[in-house]
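Listed below, chain by chain, are the residues.
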Amino acid sequence: MLLDNHGRTINYLRLAVTDRCNLRCHYCMPEHGLQWLSRADLLSYEEMLRLCRVLIGLGINKVRITGGEPFVRKDLMKFLTELSRIEGLQQINLTTNGVVTAPLVPELKKIGIRSVNLSLDTLDRERFFQITRRDELPNVLETMEALLRHDIAVKINAVVMDGQNTDDLIPLAKMAQNLPVDVRFIEEMPFNGGDHVNVMPLWDHLRILDTLRAEWPDLEKIPDPPFSTSMNYRVPGHTGTIGIIAAWSRTFCGSCNRIRVTPQGVLKTCLYDHGVLHLRDLMREGLSDPELADHLIFAFNHRHKNGWEAEEARKGIPVEESMATIGG
Ligand code: SAM
Ligand code: SF4
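Residues numbered from 1 in each chain as written. Chains lettered and ligands numbered in written order. Predicted model: local features only at pLDDT ≥ 70, side-chain atom pairs only at ≥ 80, totals over all residues. Heavy atoms only, no water.

**Q** What exactly am I supposed to notice about the packing of aromatic side chains here?
**A** Any pair of aromatic rings gets described here by the distance separating the centres and the angle formed by the planes. The full count for this structure, using the stated rule, is three aromatic pairs. Summarising the aromatic geometry, the rings of F191 and Y272 are spaced 5.3 Å apart at their centres and angled 55° between planes, so their arrangement reads as tilted. On the criterion of sequence distance, the pair formed by F191 in the loop between β6 (181–187) and α8 (205–215) and Y272 in the loop between β11 (266–268) and β12 (277–278) is long-range, its members being 81 residues apart. On the basis of relative accessibility, which here comes to 2%, the residue Y272 falls in the buried class. Measuring from centroid to centroid gives 5.3 Å for W248 and W308, while their planes differ by 85°, and the two rings are edge-to-face. Linking W248 in the loop between β9 (241–245) and β10 (258–261) with W308 in helix α11 (residues 307–312), this pair joins segments that are 60 residues apart in sequence. Among the residues examined, W248 registers a relative accessible area of 15% and is labelled buried. A cation over an aromatic ring shows up here: R73 above the ring of Y45, its NZ or CZ 4.4 Å from the ring centre. (Phe/Tyr/Trp six-rings, centres within 6.5 Å; stacked < 30°, edge-to-face > 60°. Helix = DSSP H or I, 4+ residues; strand = E, 2+ residues; numbered from the N terminus. Buried < 20%, exposed > 50% of the residue type's maximum accessible area, 1.4 Å probe, protein only. Lys NZ or Arg CZ within 6 Å of the ring centre and 35° of its normal.)

**Q** How should I be thinking about the site of ligand 2 in this particular structure?
**A** Residues in close proximity to ligand 2 include C21, L23, C25, Y27, C28, M29, G68 and N97, which together make up its full environment. Considering only residue class, the shell around ligand 2 consists of six nonpolar, two polar and no charged. (Near = heavy atom within 4 Å. Nonpolar A, V, L, I, M, F, W, Y, C, P; charged D, E, K, R; others polar.)

**Q** What exactly am I supposed to notice about the pattern of salt bridges here?
**A** It is possible for side chains bearing opposite charge to pair when their charged atoms get close. Tallying each qualifying case throughout the model produces 17 salt bridges. The partner of R8 in a salt bridge is D4, and the shortest N-O contact between them spans 2.7 Å. For the pair shown, R8 and D4 are each scored as buried. Overlapping salt bridges, with partners in common, bring together D4, R8 and R303 in one network. (Salt bridge = Lys/Arg side-chain N within 4 Å of Asp/Glu carboxyl O.)

**Q** What is the right way to read the sheet that holds β11 from this model?
**A** Strand-to-strand pairing in sheets goes through backbone hydrogen bonds, with the strands running parallel or antiparallel. A sheet is described by the order of its strands in space; here twelve strands give the open sequence β7-β8-β9-β6-β5-β4-β3-β2-β1-β10-β11-β12, paired in mixed fashion. Only two strands of the sheet have a single neighbouring strand rather than two, namely β7 (220–221) and β12. Alignment of β11 against β12, held across two bridges, turns out to be antiparallel. For L267, the partnering residue across the bridge sits in β12 and is L277. Each of β1 (12–16), β2 (62–66) and β3 (91–96) is contacted by helix α2 (residues 76–84), which is oriented at about 175° to β2, the strand it contacts most. Sitting on the sheet, helix α5 (residues 137–149) touches β4 (115–119), β5 (153–160) and β6, and the angle it makes with β4 is about 165°. (Pairing = 2+ DSSP bridges. Contact = heavy atoms within 4.5 Å. Axes fitted to C-alpha atoms, helices over the stretch in contact; angles between N-to-C directions.)

**Q** Even after reading the chapter, I still don't get helix α10 (residues 289–300), so can you show me in this structure?
**A** Three or four residues apart is the spacing at which side chains of an α-helix point the same way, because the helix has 3.6 residues per turn. For α10, spanning twelve residues, the distance from its first C-alpha to its last is 16 Å, which sits close to the expected 16 Å at 1.5 Å a residue. When we look at burial in α10, the residues that qualify are L292, A293, L296, A299 and F300. One side of α10 holds all its buried residues, which, seen down the axis, span an arc of 120°. In α10, those exposed residues whose orientation departs by more than 90 degrees from the buried face are P290, D294 and F298. (Expected span 1.5 Å × (residues − 1). Arc of directions from axis to C-beta.)

**Q** Looking at this structure, I do not really get the environment of L212. What am I missing?
**A** Note that L212 resides in helix α8. For L212, a relative accessible area of 0% corresponds to the buried category. Here the alpha-carbon distance between L212 and L169, two residues 43 residues apart in the chain, equals 7.8 Å. With residues up to four places along the chain from it excluded, the contact list for L212 reads I170, A173, F185, L219, I242 and I244.

**Q** When you look at the site of ligand 1 in this model, what are you seeing that I'm missing?
**A** Close to ligand 1 lie 20 residues; Y27, G68, T96, S119 and M189 are nearest. A distance of 3.0 Å separates a nitrogen atom of ligand 1 from a polar atom in the backbone of G68. With respect to ligand 1, the side chain of N157 contributes an N or O atom lying 3.4 Å from an oxygen atom. In the complex, 96% of the free accessible area of ligand 1, which totals 550 Å², lies under the protein chains. For the shell around ligand 1, the secondary-structure elements that each account for two or more residues are β3, β5 and β6. In the shell around ligand 1, the residues fall into seven nonpolar, ten polar and three charged. (Polar contact = N/O pair within 3.5 Å; in protein donor to acceptor, adjacent residues only side chain to side chain. Areas by Shrake-Rupley, 256 points an atom, 1.4 Å probe, with all protein chains shown as cover.)

**Q** Hey, could you run me through the packing of helix α1 (residues 45–58) against α10 in this one?
**A** When two helices pack together, you describe them by how their axes are tilted relative to each other and by the distance separating the axes. The geometry of α1 relative to α10 is characterised by a closest axis approach of 10 Å and an angle of 60° between their N-to-C directions. Taken as axis vectors, α1 and α10 run oblique relative to one another. Considering only the axes of α1 and α10, their crossing is right-handed. Note on element contacts: α10 touches α1 through D289, L292, A293, L296, I297 and F300, opposite R50, L51, V54, L55 and L58. Of the residues belonging to the contact of α1 with α10, the class tally is nine nonpolar, no polar and two charged. (Parallel < 35°, antiparallel > 145°, perpendicular 65-115°, else oblique. Left-handed = near helix turned anticlockwise from the far one by under 90°.)

**Q** Sorry, what's going on with the packing of α1 against α2 here?
**A** Two elements in contact, α1 and α2, have axes separated by 11 Å at closest approach and are oriented at 25°. By the criterion of interaxial angle, the relationship of α1 to α2 is roughly parallel. Judged by the twist between their axes, the crossing of α1 over α2 is right-handed. Contacts between α1 and α2 pair Y45, M48, L49 and C52 from the former with L76, F79, E82 and L83 from the latter. For the contact of α1 with α2, the residue count by class is seven nonpolar, no polar and one charged.

Put into structure tokens, the structure is as follows:
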């Protein structure tokens, strides 16, 4: 078992395979002016597979593929197939905006993907366009239906933004009434690539919970799975569940089991740090697997206690990089 310097288990890697995206959600990136990484800057699939093998050897057993939008990177399905063959890896999950995912769902099922997080901030087509700057809601809903039809678990991720989609909270939560989905509301974080200044979200987890309770006074707290970042609830009689992720308030750092690798191969041991290890460069300098493992273990033994400490350690570098360069 892999433990960090605070005694926390590390068993979960979030791997962002690209910074590019077919949407332009303004909580994540500005509409124009983002400099995409060049192909040479990105980790190659071979490098990602190598890194995954080393990390799985150390104790990682769950990998989430994210981005940017993972499905805009060429040959993703081949990479997923290769990844699924690594011994010791118990789970591969995906986070996607669902724009081009629907036709690939049968293949995802074959590869063994059992759970997908689908980002969906509103069920209103006009509002979807305002938030993502693209008119793609029907494709996202088609992906959700395809996933459910193929018996792949679906978690809906909705970022809650003051004045934009707070009227959507209840309609989104009502999806769990008849569908086996977990609808999770996420506090907005400042990782928007400079689209706007976001010092602290006006809708924090407490306000989100109050809004849900006003609609459903009998909303009940249900046990949170181990390492859960969401606080989970159920409306009696509803098929699915509702979760709230205090991503800005950072209430879950004490049991954080996750590390991140960015598209350019930078290791982040906290969402709020500025990157702690340049894995791509180490690999390209010719380090052996055991040497790479030593560097990783060193980083795991110097993890920040929580997101506040990690933010402080950025020494004034603002938290404003696009979430597409981190993976969520
Ligand atoms: N493109 C894919 C998607 O949207 O699902 C995967 C990458 S996206 C960066 C991963 C997750 O981060 C999404 O659920 C998205 O809603 C969330 N996210 C992006 N920017 C955010 C922000 N500023 N605050 C909170 N969540 C954010
Ligand atoms: Fe793209 Fe996901 Fe960022 Fe939206 S949240 S712009 S879908 S990477």
